[in-house]
Amino acid sequence: MKKIKLAIVGGAGRMGQQIIKETKNFKIIDLVSIIENKDSNFLNKKINNIKIISDKNEGLNIADAIIDFSSPKSTLETLIYAEKLKKKLVIGTTGLTSKQLFKIRKVSKKIPIVHAPNMSIGINLLIELVKQASKVLFNKDTSIEILDIHHKNKKDAPSGTALALGHAVTEINNLNLSNKSTLKPNKNRKKQTGKINFYCKRKGNIVGDHSVIFNNKKEEIELKHRGFDRSIYALGAINAAIWLSKKKNGLFKMTDILGIS
């Protein structure tokens, strides 16, 4: 099978370095380009004998597929190049605005894109379990807490994963998340019937702990996922890039890749 030439945007970051490490375990992947922003201290240094560059036109042009774990601004720039160069794109960046998400959907009509706030198999199974539980459990007498606990360097709160879990609750019930939550990170645990509370904490080196807790004062059900190693996200991203190799256009989620949509 022909090798997939892969470019990584945000290659010197935590996730970028983990993805680079995991590419060694995929014979079908040929890492050809590592890209960082023009102010990065890693520019011109080498990882796996590949020089880190900032020129996206140069770095992305030689690739078949792109994995982007950078920042919203950088990701939207990558999106423009991917569209122009007709490259397959995997986006793991979180903190994207509704306007930026709309742009991604628009471009996906021309190129294939996987966008997932969390690429672990376990989290995506959790999202599906939350949907099924919400159909039965969520009503005006039930409170929902979404616990969102990450390492101290995690910037966005609630995280993309926490928001995805919130949307899983509301969308399956034809509701709008903004009507059921303030969408703000709370530092205190609280139960509000008919509402969703995001409890967010940033500490230590926690990879990612997420729980969805349903409580109706008579009983409580908790669905939980705990990540122990950042490789779970890297492996998901690489498998997404491989899966995209057979797609011509469209916007996809990890559940599409896992066959559980």
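Everything that follows concerns the structure shown earlier in this document.
For every chain, the first residue of the written sequence is number 1, and numbering continues from 1 along that sequence. In keeping with the predicted nature of the model, local features appear solely for residues at pLDDT of at least 70, side-chain atom pairs appear and are counted solely at 80 or more, and the whole-chain, interface and lining totals rest on all residues. Each side-chain value is worked out from all heavy atoms of the structure, with water and hydrogens disregarded.

J.: Explanation requested: helix H1 (residues 14-23) in the structure shown.
T.: An α-helical segment advances 3.6 residues per turn. Residues three or four places apart therefore align on the same side. Burial classes follow relative accessibility: with a 1.4 Å probe on protein chains only, a residue under 20% of its type's maximum area counts as buried, one over 50% as exposed, and anything between as partly exposed. The numbering of helices and of strands both runs from the N terminus, where a helix is a DSSP run of H or I of at least 4 residues and a strand a run of E of at least 2. Among the 10 residues of H1, 7 are classified as buried, and the element is accordingly described as predominantly covered. Every buried residue of H1 is listed here: Met15, Gly16, Gln18, Ile19, Ile20, Glu22 and Thr23. Turning to H1, the residues buried within the fold contact strand S1 (4-9), strand S2 (29-35), strand S3 (46-47), strand S5 (65-68) and helix H8 (231-244). Note on definitions: a residue-residue contact is assigned when non-hydrogen atoms from the two residues lie within 4.5 Å.

J.: What exactly am I supposed to notice about the sheet that holds S1 here?
T.: Within a beta sheet, neighbouring strands are joined by backbone hydrogen bonds and run either parallel or antiparallel to one another. Two strands make a pair as long as DSSP finds a minimum of two bridges between them. Sheet architecture is open: 8 strands sit in the order S3-S4-S2-S1-S5-S6-S7-S12, paired in mixed fashion. Sheet topology places S3 and strand S12 (250-252) at the edges, where each strand pairs with a single neighbour. Bridge count for S1 against S5 is 4 bridges, and the pairing is parallel. Looking at the pairing, Ile8 lines up with Ile67 of S5. Only C-alpha atoms enter the line fits that serve as axes; for helices the fit covers just the stretch in contact. Angles between N-to-C directions range over 0 to 180 degrees. On the sheet, helix H3 (residues 72-85) packs against S1, S5, strand S6 (88-91) and strand S7 (112-115) and is oriented at approximately 170° with respect to S5.

J.: Mind showing me how you'd approach the layout of surface pockets here?
T.: The gaps left among the atoms become clear once a water-sized probe is rolled over them. Of the two site types, the cavity is a set of points on a 1 Å grid over the protein atoms alone where a 1.4 Å probe fits but cannot get out, and the pocket is an open set with protein on both sides within 12 Å along at least five of seven lines, each lined by residues with an atom within 4 Å of a point. Grid points are joined across faces, edges and corners, and a volume is the space filled by probe spheres set on the points. Computed from the structure, the largest pocket encloses a volume of approximately 1,300 Å³. Lining the largest pocket are 43 residues, and of these Gly13, Phe69, Ser70, Ser71 and Thr93 lie nearest its centre. Those elements that place two or more of their residues in the lining of the largest pocket are H1, H3 and helix H6 (160-171). In this count, Pro and Cys sit with the nonpolar residues alongside Ala, Val, Leu, Ile, Met, Phe, Trp and Tyr, while Asp, Glu, Lys and Arg are called charged and the others, Gly among them, polar. Residue composition of the lining of the largest pocket, grouped by class: 12 nonpolar, 20 polar and 11 charged. If you add up the space inside the second largest pocket, you get close to 1,000 Å³. If you go around the second largest pocket, you meet 35 residues; those closest to its centre are Leu101, His115, Pro117, Ala164 and His167. At the level of secondary structure, the elements contributing two or more residues to the lining of the second largest pocket comprise helix H4 (98-107), helix H5 (121-137), H6, helix H7 (177-180), S12 and helix H9 (254-258). Among the residues forming the lining of the second largest pocket, the class breakdown is 16 nonpolar, 13 polar and 6 charged.

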